[in-house]
Amino acid sequence: MSLAIKVKPVRLKIEDVHISFGKTKVLQGIDLDIEPGEFFAFLGPSGSGKSTLLRAIAGFGPEPQGRILIDGIDILSLPPWKRDVGMVFQNYALWPHLTVQKNVAFGLEERSVPKKESKDRVLEALDMVGLTHLAGRHPSQLSGGQQQRVALARTIVIRPRLLLLDEPLSNLDANLRVQMRTDILKLQRKLGLTTIFVTHDQEEANTISDRMAVLDKGIIQQIGSPMELYDNPANPFVAHFLGTTNMIEGEVITKENKPVLRAGQDVELPLHMKVTGSRGAIVFRPQSVKVNPEEQDSASMCIRGTVKSREFLGATVRYGVQIGDVTVLADEAHQRGKRIYDELEQVRLVIPQKQIIFIPEA
Ligand SMILES: Nc1ncnc2c1ncn2[C@@H]1O[C@H](COP(=O)(O)OP(=O)(O)O)[C@@H](O)[C@H]1O
Ligand SMILES: [Mg+2]
């Protein structure tokens, strides 16, 4: 079957968007530039404003201040049905009394698409999500994953210029979520559709998106590719939200003309990177910390501490090591026969300098 659904990908620009519910400011000064054909994720905890922003693009919810442009044209004055934006809701919102085929055809009937064309487009959309064989069923006769596919088919059949997905996988069990996210990405690549995917799950955002915006409290904290954000978080929120991290806060002092981080009573750590401000934190991931390594490259930070906890996780052993009044987590890759350190043992932690970033206090 031909890929008649394919459309020219659009650019989405969001400029200084503010949204309030009554007196509550929910989004504060959102600026975004999403490239044509990009798979973009909004990632953030519950209540951070992800759905509100997505709904504003589709034309639902309170009227935003600012501008939202598709290919340079402000769409805020257009009603939802004139924006050519397809949205898949978290709860799918299928018609229970209609068959799969009729659910998918619904939007085309509303748009008075001729019967023959409508039939072809419905078949094509069902084919793309792998549901042709279930066209005659009702939603109650489908699994969660199948219902999700109907919701997707129903959205792409109208040939939107922009595809918006609000936590589309959160109602599915873990295995199916992994399968469906791959399928959604394949479908997006095939259609070339500029897509925004909302999730609170960092693994989901990491695996599926080209770039993402991390939101907290209605403010974009950082924008970039998953790896850029993981490796170079702009602030402590992003560092923690994207995965387990060590963070040691303290005062920056100068010793022998070199910057040193004083963290608590008796922890002083030399800083080998560019440092600004008088307070800040160093941030490094547990997998960057080596416990009692035989060799140590000179460009490393070395800290002595006491094992306070250890968790055997199979592939890794996670140690909690007490250093002054902070605990540093160290993930050691596990191999058969490898020695495991005991609680209260003294260990030497070594962290390569290039794995450590400094975040000045805001
Ligand atoms: N209809 C509404 N009326 C009042 N407050 C709302 C409404 N919808 C959402 N909010 C508030 O806006 C904030 C952001 O909500 P939402 O965009 O749904 O967050 P997310 O999708 O990131 O979980 C939350 O504090 C929520 O309570
Ligand atoms: Mg939401």
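My aim in this report is to walk through the structure given alongside it, one point at a time. Since we're looking at a predicted model, the values are computed, not measured.

Before going further, it helps to examine the overall build of the chain. Counting secondary structure elements, the chain contains eight helices and 20 strands. For the chain, the spread of C-alpha atoms along the principal axes amounts to about 80 × 50 × 35 Å. Sorting the 362 residues of the chain into buried and exposed places 48% on the buried side. Partitioning the intrachain contacts of the chain with sequence separation of at least 6 by distance along the chain shows that 67% fall at a separation of at least 24. For the chain, the accessible area works out to roughly 18,200 Å², and carbon and sulfur atoms hold 49% of it.

Here we take up the sheet that holds strand β7 (residues 162–166). One open sheet accounts for six strands, arranged β6-β7-β8-β3-β9-β10; its pairing is mixed. Looking at the sheet topology across the chains shown, the edges are occupied by β6 (85–88) and β10 (219–224). Ignoring which end each strand starts from, the neighbouring axes of this sheet average 15° apart. Two strands pair when backbone bridges link them, and β7 and strand β8 (residues 194–199) are joined in this way by five bridges, in the parallel orientation. Each bridged residue has a counterpart across the sheet, and for Asp166 the counterpart in β8 is Val198. Taken strand by strand, helix α1 (residues 50–58) contacts β3 (39–43), β6, β7 and β8, and its axis lies near 150° from that of β7. In the packing of helix α4 (residues 144–156) onto the sheet, the strands contacted are β6 and β7, and the crossing angle to β6 comes to about 170°.

With that settled, consider the pattern of salt bridges. On inspection of all chains with the given rule, the structure shows 20 salt bridges. With its nearest N and O atoms 2.6 Å apart, the salt bridge here joins Lys116 to Asp120. With Lys116 and Asp120 both in helix α3 (residues 115–128) and four residues apart, the pair spans about one turn of that helix. Judged by its relative accessible area of 37%, Asp120 falls in the partly exposed class. Of the charged contacts in the structure, one is a salt bridge between Glu117 and Arg121, with a shortest N-O distance of 2.8 Å. Residue Glu117 and its partner Arg121 are both found in helix α3; the two are separated by four residues, about one turn of the helix. You can call Glu117 partly exposed: its relative accessible area is 34%.

This part takes up the site of ligand 1. Around ligand 1 sit Phe21, Val26, Pro45, Ser46, Gly47, Ser48, Gly49, Lys50, Ser51 and Thr52, and those are all the residues in its vicinity. Ser48 places a polar main-chain atom, nitrogen or oxygen, 3.2 Å from an oxygen atom of ligand 1. Between ligand 1 and Ser51, the relevant distance is 2.8 Å, taken from an oxygen atom to a side-chain nitrogen or oxygen of the residue. Contact with the protein chains covers 54% of the free accessible surface of ligand 1, which is 570 Å². A per-element tally of the shell around ligand 1 places α1 first, with three residues. Of the residues that constitute the shell around ligand 1, the class distribution is three nonpolar, six polar and one charged.

Bringing the sheet that holds strand β12 (residues 258–262) into the picture now. Strands sit in the order β13-β12-β11-β14-β20 across an open sheet of five strands; the sheet is antiparallel. Since the sheet does not close on itself, it has two edges, and those belong to β13 (268–270) and β20 (357–360), each with one partner. This sheet shows a mean twist of 40° between the axes of neighbouring strands, independent of strand direction. Pairing analysis gives six bridges linking strand β11 (residues 246–255) to strand β14 (residues 279–284), with the strands arranged antiparallel. Note on β14: the bridge partner recorded for Glu249 is Ala281.

This paragraph deals with the packing of α4 against helix α5 (residues 174–191). Two elements in contact, α4 and α5, have axes separated by 11 Å at closest approach and are oriented at 15°. When the interaxial angle is binned, α4 and α5 end up roughly parallel. Relative to α5, the crossing made by α4 is right-handed. In this structure, α4 uses Gly145, Gln148, Arg149, Leu152 and Ile156 to contact α5, whose residues at the interface are Leu176, Met180, Asp183, Ile184, Leu187 and Leu191.

Turning to the pairing of strand β18 (residues 326–333), a few remarks are in order. Looking at chain direction, strand β17 (residues 316–323) and β18 are connected through eight bridges and run antiparallel. Bridging from a neighbouring strand, Gly320 pairs with Leu329 of β18. Joining the antiparallel neighbours β17 and β18 is a turn of two residues, in which Gly324 adopts a positive phi near 60°.

Another aspect to go through is the packing of aromatic side chains. For the structure on display, the rule yields six aromatic pairs. Both rings, one in Trp95 and one in Phe106, keep their centres 5.1 Å apart while their planes meet at 45°; by these two values the pair is tilted. On the criterion of sequence distance, the pair formed by Trp95 in the loop between β6 and α2 (100–110) and Phe106 in helix α2 is long-range, its members being eleven residues apart. Trp95 gets classed as partly exposed once you look at its relative accessible area, which sits at 35%.

Conventions we followed
- Residues numbered from 1 in each chain as written.
- Chains lettered and ligands numbered in written order.
- Predicted model: local features only at pLDDT ≥ 70, side-chain atom pairs only at ≥ 80, totals over all residues.
- Heavy atoms only, no water.
- Helix = DSSP H or I, 4+ residues; strand = E, 2+ residues; numbered from the N terminus.
- Buried < 20%, exposed > 50% of the residue type's maximum accessible area, 1.4 Å probe, protein only.
- Contact = heavy atoms within 4.5 Å.
- Areas by Shrake-Rupley, 256 points an atom, 1.4 Å probe, with all protein chains shown as cover.
- Pairing = 2+ DSSP bridges.
- Axes fitted to C-alpha atoms, helices over the stretch in contact; angles between N-to-C directions.
- Salt bridge = Lys/Arg side-chain N within 4 Å of Asp/Glu carboxyl O.
- Near = heavy atom within 4 Å.
- Polar contact = N/O pair within 3.5 Å; in protein donor to acceptor, adjacent residues only side chain to side chain.
- Nonpolar A, V, L, I, M, F, W, Y, C, P; charged D, E, K, R; others polar.
- Parallel < 35°, antiparallel > 145°, perpendicular 65-115°, else oblique.
- Left-handed = near helix turned anticlockwise from the far one by under 90°.
- Phe/Tyr/Trp six-rings, centres within 6.5 Å; stacked < 30°, edge-to-face > 60°.

In short, shape yes, function no, at least from these values alone.
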